[in-house]
Structure formats: structure tokens, C-alpha cells
Amino acid sequence: MAEKWRNWARQQSCSPTRVERPASEEQLSEALARAARDGLRVRPVGSGHSFTDTCLTDGVMVDQSGMGRVLDVDRATGLVRVEAGIKLHRLTAELHRHGLALENQGDIDTQSLAGAMATATHGTGERFPNLSANVVGCRLVTATGEVVEIDEASDPDAWRAARVSLGALGVISEYTLRCVPAFRIHRVDELRPVGEVLADLDALVATYDHFEVMALPHTDQVLTYASRRTDRPAAPPGRVSAWWNDDVLSNAGLGAACHLGRLFPRAVPGIARAVTGAVGRYEQLDDSHRVYAHRRRVRFTEMEYAIPRVHAAEALERVRALITDRRLPVLFPIELRFTAPDDAFLSTAYGRDTAYLAVHQVVRAEYEAFFRAVEAIMDEYGGRPHWGKRHFQTSGTLAPRYPGWQEFQAVRARLDPDGVFTNDYLARVLGPVGAAPARPRTGRADRP
Ligand SMILES: Cc1cc2nc3c(=O)[nH]c(=O)nc-3n(C[C@H](O)[C@H](O)[C@H](O)COP(=O)(O)OP(=O)(O)OC[C@H]3O[C@@H](n4cnc5c(N)ncnc54)[C@H](O)[C@@H]3O)c2cc1C
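Model, not experiment: these values are computed from the prediction. (Residues numbered from 1 in each chain as written. Predicted model: local features only at pLDDT ≥ 70, side-chain atom pairs only at ≥ 80, totals over all residues. Heavy atoms only, no water.)

*Asks:* For this particular structure, what's the right way to read the site of the ligand?
*Replies:* Contacts to the ligand come from 36 residues, most closely from Pro44, His49, Ser50, Thr54 and Gln64. At 2.6 Å from an oxygen atom of the ligand is found a main-chain nitrogen or oxygen belonging to proline 44. Here an oxygen atom of the ligand sits 2.9 Å away from a polar atom, N or O, in the main chain of serine 47. Protein burial of the ligand: of its 980 Å² of free accessible surface, 99% is covered by the chains. Top element by residues in the shell around the ligand is helix H3 (residues 113–118). It accounts for four residues. Taken together, the residues that form the shell around the ligand break down as 13 nonpolar, 18 polar and five charged. Residues from two domains meet in the shell around the ligand; each of domain 1 (42–181 + 396–430) and domain 2 (184–391) gives at least three. (Near = heavy atom within 4 Å. Polar contact = N/O pair within 3.5 Å; in protein donor to acceptor, adjacent residues only side chain to side chain. Areas by Shrake-Rupley, 256 points an atom, 1.4 Å probe, with all protein chains shown as cover. Helix = DSSP H or I, 4+ residues; strand = E, 2+ residues; numbered from the N terminus. Nonpolar A, V, L, I, M, F, W, Y, C, P; charged D, E, K, R; others polar. Domains from an automatic or database assignment.)

*Asks:* In this structure, what is going on with the environment of histidine 391? I would like to understand it.
*Replies:* Considering the arrangement of structural elements, one finds histidine 391 in the loop between strand E20 (384–385) and helix H12 (395–398). Through-space distance from the C-alpha of histidine 391 to that of alanine 203 is 31 Å; in sequence the pair is 188 residues apart. A polar side-chain atom of histidine 391 sits 3.1 Å from the main-chain amide nitrogen of glutamine 393. Within the structure, the side chain of histidine 391 is placed 3.0 Å from the side chain of tyrosine 425, a separation counted as a polar contact.

*Asks:* How do you make sense of the packing of helix H10 (residues 312–325) against helix H11 (residues 368–380) when you look at a structure like this?
*Replies:* At a closest axis distance of 11 Å, the pairing of H10 and H11 adopts a crossing angle of 155 degrees. By the angle between their axes, H10 is roughly antiparallel relative to H11. Like other packed secondary-structure pairs, H10 and H11 cross with a definite hand, here right-handed. When H10 is examined against H11, the residues Ala315, Arg318, Val319, Leu322 and Ile323 are found in contact with a partner set consisting of Phe370, Ala373, Val374, Ile377, Met378 and Glu380. Tallied by class, the residues present in the contact of H10 with H11 amount to nine nonpolar, no polar and two charged. (Axes fitted to C-alpha atoms, helices over the stretch in contact; angles between N-to-C directions. Parallel < 35°, antiparallel > 145°, perpendicular 65-115°, else oblique. Left-handed = near helix turned anticlockwise from the far one by under 90°. Contact = heavy atoms within 4.5 Å.)

*Asks:* In this structure, what is going on with the domain arrangement of the protein? I would like to understand it.
*Replies:* Many analyses report the size of an interface as the accessible area lost when the parts associate. Annotation of the protein at the domain level lists domain 1 (42–181 + 396–430) and domain 2 (184–391). Domain 1 and domain 2 are separated by 25 Å when their C-alpha centres are compared. In this complex, domain 1 contributes 45 residues to the contact, which on the side of domain 2 involves 47 residues. Taken together, both faces of the contact between domain 1 and domain 2 bury some 4200 Å²; the carbon and sulfur share is 55%. Among the elements of the structure, helix H2 (88–97), helix H4 (156–162), helix H13 (405–415) and helix H14 (424–430) are those that each provide at least two residues to the side of domain 1 that touches domain 2. In terms of residue count, the dominant contributor to the side of domain 1 that touches domain 2 is H14 (four residues). (Buried area = accessible area lost by both parts, 1.4 Å probe.)

*Asks:* Would you take a moment to explain unusual backbone geometry for this structure?
*Replies:* Negative phi characterises most residues that are not glycine, and trans characterises most peptide bonds. Not every positive phi belongs to a glycine, and arginine 10 is a case in point at roughly 60 degrees. The residue arginine 10 is located in the loop between strand E1 (5–6) and strand E2 (13–14) in this model. Located in the positive-phi region is leucine 166, a residue other than glycine, with phi close to 60 degrees. Here leucine 166 lies in the loop between H4 and strand E11 (171–178).

*Asks:* Before we go on, may I ask you to explain the packing of helix H7 (residues 239–263) against helix H8 (residues 268–278) in this structure?
*Replies:* Relative orientation and spacing of two packed helices are given, respectively, by the angle between their axes and the distance between those axes. In contact at an axis separation of 10 Å, H7 and H8 are set at 170 degrees when each is read in the N-to-C sense. Here H8 runs roughly antiparallel to H7, going by the angle between their axes. The segment H7 lies against H8, with Trp244, Leu249, Ala257, Leu260 and Gly261 engaging Val268, Ile271, Val275 and Ala278. Class assignment of the residues belonging to the contact of H7 with H8 gives a composition of eight nonpolar, one polar and no charged.

And the structure:
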């Protein structure tokens, strides 16, 4: 019987013809050659943390959980070779043992490295680009099983395409990453009035190495996460304080509030104010990888847009007003983060100082009308949707927002001329591969 695959949020599922689990690049290559012989399409999958249908396939799913080794560490240069299926938490723990770290991270570390790169996963901090900007080179296995080495010197266009690839070019087996010396972070989470924070936003973003705003719906408060890099010795929070913040407030409390909110949507503004009242100041001073990432036990779905940073405060105010004016039953904070520009063709931060604005809704609650209304606002700012998060764009609306769109498509046509790595999501957001028509499909992917 076909194996059923589901994403983290359990809202996307499919039954691939087969799931391949290679333990080496050689096995990966054989698996792709087998798929080619059988005329099947292929999708690589990481840890399924994307909210979109990006991983779904009725052909061959390639799960690289068995390819998670660190292959080589050069402490002097900071260059690290690593298999693409490694989970971020394992990678950062190993880097730490070698006195190294990733330059920046997002708010969880359960993704695979390849999955995080493929969708331009990011953290926050105006000096730091998305994770994929630190890819120096990679090895990619094409639909025929051939291994291609890609770096800036040998093939600059392929390198700029492969850093954020959506899995549309082939399966990446290995990365060479630029890492930095290990460092510690002092982070303070506290409530502040929204007006005060937005009036001072540019200064706050410039003052802190990593600054993030979590606007609490139906209130005039935001929770800010303000982090500075420091040489002070680690002083992790006490167990009670960590339990209250991580287990009770961020997970059990939020989960209970969302459950109540689903049962009594009209009570959501009151619930939101009660939750806000329970939030206190929280401090962490620890190694970077321990501070960046948190556990997320309440399952939700999410939309996130990259917009020019200059519009950040206005965009946040408009989304806050949308929720308040329509009394939308939303309890998850609206998240605002900041990154530096980069030059990967499909990076959501391509060529511009970027603010990322994200909205969330707990699973099983209605999200579409809310997300579409937010998207309409983001469209006005030329917003680019996070490739792993929900959106309603198509290749027609996306192409004009990416100056490197044609260059990406040329690399795609060169590396995957038959569209073997395409699925419904890629057909929607990237359109057809420029060259030969895609292969005939077999079976059907089941989607909710
Ligand atoms: C709780 C939660 C928190 C999150 N926090 C953040 C955050 O802070 N910042 C942020 O930017 N995003 C965040 N995300 C989104 C997440 O980082 C992205 O969706 C990421 O792509 C997930 O990685 P994954 O390993 O689960 O990849 P998957 O979702 O499994 O796959 C993502 C894409 O990668 C492709 N892919 C996987 N492996 C390969 C390979 N070897 N070669 C080529 N392509 C491949 C897949 O085909 C697919 O297109 C969060 C998601 C969740 C659920």
C-alpha cells in the first residue's frame, strides 16, 4: 500500500508511488535514475515544515533524513561541508563543538538544511541576509542521476538559482556553508506599547543585532525580542522561568486560548487581552543556537510576506486595523522581522532591505479570508510570499516581483529540461519549464 505523507501542520498530504530514503549521494543518484526509468516525477522533502503543497507528489518522494552528516569542517576559514538532509539543530550542535555557528537562524531548528535553503528561510537582523546567502557551493543530483557541482566561480547563474531553488532544479545532496565563530546572545523579551515601538522602529532595528516585533492582536501592545551579541558568560534562564515562558505561555496557554477562541470566536478580543496580561519580561543569555530556536507545539498555518523595509510600520498598522475592524478571531501575534538584501534569484529579499510580516491561524480555524485580505495589503507593497508559507500568487503575479526571474527559469530549463521535479505547486508558482513538455503523470496526489 502507498505510504501516506503529511506536513507538520497536517494540512497537506499525498501518497507517493514510492518514497526513496538514500543514505548517500550514490544511493540518491541511483534512486533518481530509477525514477527516470519508470517515467516518474520526483519531489525532494525535508522535514515537512512548509505550509504549502510544495512537497506533494504522486511520483517519487526523496526523503534525505538518512543524509545528515557533517563531512568536513575548516575552522580557520569557517567553511563546512555537510550533507543536505541534516536537521538544523544537529548541524548547529556540531558546529558549536567545533567553535562555529550559523550567522543567523529562524525561530525553530527542526527543518532540514536543504528545506530551509530551498524556501529562503530567514531569521531577523538588519545586517544579516537569509540563511541561503551563506551557501558557498553545493552538489546537485539531476533527473538522470548525474551529479553537478555548483559554485559561484564555475557557474554563477546556477549558484544564484540553487541557493533558493524550491526543489525545482534537482535534489541537492551536499552544501558548503560559510560559518562564523561561535557567539552568545543576550535576548530580552518584553511588552511595549505599539505606538512607541513603531515610532522608533528604525532606531530599534539598528540598535540591536536581532530585533523582532510580535504585535498582539486586539490590544495596543507588542512583544519585542531584542538581542545583542555578547562576550558575557552564559546565564540561561531558571527552570521555572523557562517552563513558564516556553511550556505554559508559548505553548499550553496559547493552545488553550486558541481552543477557546475556536469555540467562542466573539470572545477572542477578550481572550487576547487576558493572554497579553499574562506576558512578562523574559531574558536569555546563551550560545546563539540555544537562543534563536524555540519549540512550537501548537499547530498553526501561516502566511509571510517580504516587503521593502521602508513600509514595515505602515503595513503592520494596516494588518492590525484589519483584525480589529473586522473583529477577526485571531490570537497569534503578527510577526515583523528584518533582513539584509541578497542576490539569489528567488530570494524573497532579493535586492532590497526587507521586512517580513507574518500572520498565523491555528489549525482547524478558518484562515483563507483573513490571509487573502492580508495578501491584498502586501500586494500594494510588491510583497513576495515566503515560498514555504501559504499564499495565493501565481507565476504571472510573481514574475514581475523578481528581477532575476528569467535567469532562474533559464537555469531550471537547463538542469531539469523535462520538468521531472515539477508538481502542482511549482506549476502554479513557476509555470511550465521553458523546454520540453512535462512527463505524463501517474496516480494522483491527495490534497485537502
Ligand atoms: C513552526 C514553524 C516555524 C517556522 N519558522 C520559520 C522562520 O523562523 N523563518 C522562516 O523563514 N521560515 C520558518 N518556517 C518555514 C520553514 O523554515 C520552511 O518552510 C522550510 O522550507 C521548512 O524546511 P523543511 O526541512 O521542513 O522543508 P520542507 O517543507 O520539507 O521542504 C521545503 C522545500 O525544500 C525542498 N527540498 C527539500 N530537500 C531538498 C533537497 N535536498 N534539494 C532540493 N530541494 C529540497 C522541497 O522540495 C520543498 O520545496 C517555519 C515553519 C514552521 C512549521
